Amino acid sequence: MRFTVSIKKFSQALGVVSRVASTRSSLPILASVLIKAEKNQVFISATNLNIASQVFIGSKVSQNGAVTIPARLLQEYIGSLSGETVEIEVKDNKINISTELHKTIINGTDPKEFPEMPELSGANIATTPATNLKKYLSGVIICASTDDTKPILNSVIVTTEKGKSCLASTDGYRLAEQKTTNAIISQPKAIIPSTTVAEIIRVLPDDETIVEIKTNDQLAEFSFGDTKIITRLIEGNFPDYKNLIPKNFANTAKVNKQELANTSKLASLFAKDTAGSINISTDEDSQKLSVKTIASQTGQNESTIPAEVVGTANITINARYINDALGQISSETAIVCFNEKLQPCVIKGENPDYLQVIMPLKS
């Protein structure tokens, strides 16, 4: 194999796929990337058997071929090179890397040992702009569990009905739901691992590039530009979270989002001794919302901000959770909704398509 390629493009491609390569697997080959050159294109692939990533770049290929190379070493080496182009030549699985100033040999391995990229058969196809998909996924993954022993919660569920999709995640303490105006998958349901969602968010461009999403019962494929990500879907039953979202509220407060965020952050400084809990109270007579924290070791804090209030009540809630929710709301105002002290609290903005549900704490 022999080809010449732009150092910049090669480095960018390695940056996309190399994070998928696994250094913790019992299979050493999974710590490598597969480099394949043919028809003036170079394909760079990596996999950890749960997720696979592939990027292709244009290059001058003088001899077709393939090889696997340690991912981290190759990425760091190519990323440290200066100049315009680099020449790669492989003989007996030894990779000769040459530029005007540098010549290096890296030992590779037989590409036949590298797992084949999975192919989706009988797939359903949908498309959506990258900016929309990135926004949707970013808004819900924040509530996914990080507990690897509960894979069904360490995920994002996407359901589609009547040409519209709904994304959701929950860790058992909070829930995020995002409704869309179009279908982002064509089948009724797909449960996508959080690690895959995070990787898609990382590599998606911030523009209107169209993302093609293929799904079947076992796999999902996200293709855009020169990049392809394939993931295994999680089997099982996602919690019936719809029942957790209250339909009506006795107490609501519409406030300036930034004012509430600042107030909550101030209160959280005094909440470290109380597991991050802060008390939010509404007063319909004064049309105020108050945030209060009392810590025996640190002291106490109380702030009051103007609000459009219905109902007089209070609820104890985790400060980080409310700040995370406010960070995902795009409107200038936020609405805090709740009923009894131990019933779910809903945080949403002006757009009804996105909300977060937070379980209160015992005060």
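Structure's up top.
Residues numbered from 1 in each chain as written. Predicted model: local features only at pLDDT ≥ 70, side-chain atom pairs only at ≥ 80, totals over all residues. Heavy atoms only, no water.

Trainee: How should I be thinking about empty space enclosed by the protein in this particular structure?
Mentor: Rolling a probe over the atoms, with the probe sized like a water molecule, indicates the empty space that remains. For the structure shown, the criterion picks out 1 cavity of 30 Å³ or more. Looking at the largest cavity, its volume works out to about 30 Å³. For the largest cavity, the full set of lining residues is Leu-133, Leu-137, Val-158, Leu-167, Ile-184, Ile-185, Ile-192, Ile-213 and Phe-222. For the lining of the largest cavity, a count of residues per class yields 9 nonpolar, no polar and no charged. (1 Å grid on protein atoms, 1.4 Å probe; cavity = no way out; pocket = protein on both sides within 12 Å on 5 of 7 lines; lining within 4 Å. Points joined across faces, edges and corners; volume = space filled by probe spheres on them. Nonpolar A, V, L, I, M, F, W, Y, C, P; charged D, E, K, R; others polar.)

Trainee: Is there a simple way to think about the layout of surface pockets in this case?
Mentor: Size it by volume and the largest pocket reaches roughly 830 Å³. What lines the largest pocket is a set of 25 residues, among which Asn-48, Asp-148, Ser-194, Thr-195 and Thr-196 lie closest to the centre. Ranked by the residues each element gives to the lining of the largest pocket, the list is headed by helix α4 (residues 194-203), at 6 residues. Looking at side-chain class alone, the lining of the largest pocket contains 9 nonpolar, 10 polar and 6 charged residues. A volume near 270 Å³ is recorded for the second largest pocket. Lining the second largest pocket are 16 residues, with Leu-34, Lys-36, Ser-45, Gln-54 and Met-117 positioned closest to its centre. Elements with a minimum of two residues in the lining of the second largest pocket: β2 (32-38), β3 (41-47) and β17 (227-232). Grouping the constituent residues of the lining of the second largest pocket by class yields 8 nonpolar, 2 polar and 6 charged. (Helix = DSSP H or I, 4+ residues; strand = E, 2+ residues; numbered from the N terminus.)

Trainee: Quick question: what am I supposed to make of the packing of aromatic side chains here?
Mentor: Each aromatic ring pair is described using two quantities: the centre-to-centre distance and the angle formed by the ring planes. Within this structure, the stated rule accounts for 3 aromatic pairs. Judged by centre distance (6.3 Å) and plane angle (85°), the ring pair of Phe-3 and Phe-10 falls under edge-to-face. A single burial state applies to Phe-3 and to Phe-10, both of which are buried. Plain terms: the ring middles of Phe-43 and Phe-56 are 6.0 Å apart, the flat faces sit at 45° to each other, and that makes the pair tilted. Separated by 13 residues along the polypeptide, Phe-43 in strand β3 and Phe-56 in strand β4 (residues 51-58) bring together distant segments of the chain. Overall, the relative accessible area of 32% leaves Phe-56 in the partly exposed class. (Phe/Tyr/Trp six-rings, centres within 6.5 Å; stacked < 30°, edge-to-face > 60°. Buried < 20%, exposed > 50% of the residue type's maximum accessible area, 1.4 Å probe, protein only.)

Trainee: Hey, could you run me through the pattern of salt bridges in this one?
Mentor: Side chains that differ in charge, positive against negative, can pair when their charged atoms come close. Considering all chains together, one arrives at 10 salt bridges under this definition. Here Arg-2 and Glu-87 are joined by a salt bridge, their closest N and O atoms 3.3 Å apart. A residue pair is termed long-range when its members are at least 10 positions apart, and Arg-2 in strand β1 (residues 2-6) and Glu-87 in strand β7 (residues 85-91) qualify at 85 residues. You can call Arg-2 partly exposed: its relative accessible area is 33%. Under the relative-accessibility criterion, Glu-87 is labelled partly exposed at 26%. The partner of Lys-254 in a salt bridge is Glu-350, with the nearest N and O atoms 3.1 Å apart. Of this pair, Lys-254 sits in strand β18 (residues 251-256) while Glu-350 sits in the loop between β25 (345-348) and β26 (354-358), and the two are 96 residues apart along the sequence. Through salt bridges with shared partners, a single network forms among Asp-171, Arg-174, Arg-320 and Asp-324. (Salt bridge = Lys/Arg side-chain N within 4 Å of Asp/Glu carboxyl O.)

Trainee: Sorry, what's going on with the packing of helix α1 (residues 7-17) against helix α2 (residues 71-80) here?
Mentor: Relative orientation and spacing of two packed helices are given, respectively, by the angle between their axes and the distance between those axes. At a minimum axis separation of 9 Å, α1 and α2 run at an interaxial angle of 150°. With respect to their mutual orientation, α1 and α2 come out roughly antiparallel. Considering how the two elements wind past one another, α1 and α2 form a crossing that is left-handed. Contacts between α1 and α2 pair Ile-7, Phe-10, Ser-11, Leu-14 and Gly-15 from the former with Leu-74, Gln-75, Ile-78 and Gly-79 from the latter. (Axes fitted to C-alpha atoms, helices over the stretch in contact; angles between N-to-C directions. Parallel < 35°, antiparallel > 145°, perpendicular 65-115°, else oblique. Left-handed = near helix turned anticlockwise from the far one by under 90°. Contact = heavy atoms within 4.5 Å.)

Trainee: Honestly, the side chain of Ser-145 in this entry has me stumped. Any pointers?
Mentor: Within the fold, Ser-145 resides in the loop between α3 (130-141) and β11 (155-161). Of note is the side chain of Ser-145, whose polar atom sits 3.0 Å from the backbone nitrogen of Asp-147. Here Ser-145 is in contact with Leu-153, Asn-154, Thr-170, Asp-171 and Ser-194, once residues within four sequence places are set aside. (Polar contact = N/O pair within 3.5 Å; in protein donor to acceptor, adjacent residues only side chain to side chain.)

Trainee: Explain the sheet that holds strand β9 (residues 103-107) to me, please; I cannot follow it from the model alone.
Mentor: Each strand in a sheet pairs with its neighbour through backbone hydrogen bonds, running either in the same direction (parallel) or in the opposite one (antiparallel). With antiparallel pairing, the 5 strands of this open sheet are ordered in space as β5-β1-β7-β8-β9. Either end of the sheet is taken by a strand with one partner, and the two such strands are β5 (60-63) and β9. Between one strand axis and the next, the sheet turns by 20° as a mean value, whatever way the strands run. Inspection of the sheet shows β7 paired to strand β8 (residues 94-98) by 5 bridges, in the antiparallel sense. Bridge assignment links Ile-88 to a residue of β8, and that residue is Ile-97. (Pairing = 2+ DSSP bridges.)

Trainee: What is the right way to look at unusual backbone geometry in this model?
Mentor: In this model, Asn-40 sits at a positive phi of 60°, which is unusual for a non-glycine residue. Mapped onto the secondary structure, Asn-40 falls in the loop between β2 and β3. One non-glycine residue, Lys-162, lies in the positive phi region at around 55°. Mapping Lys-162 onto the fold places it in the loop between β11 and β12 (164-170). You can call Lys-162 exposed: its relative accessible area is 80%.

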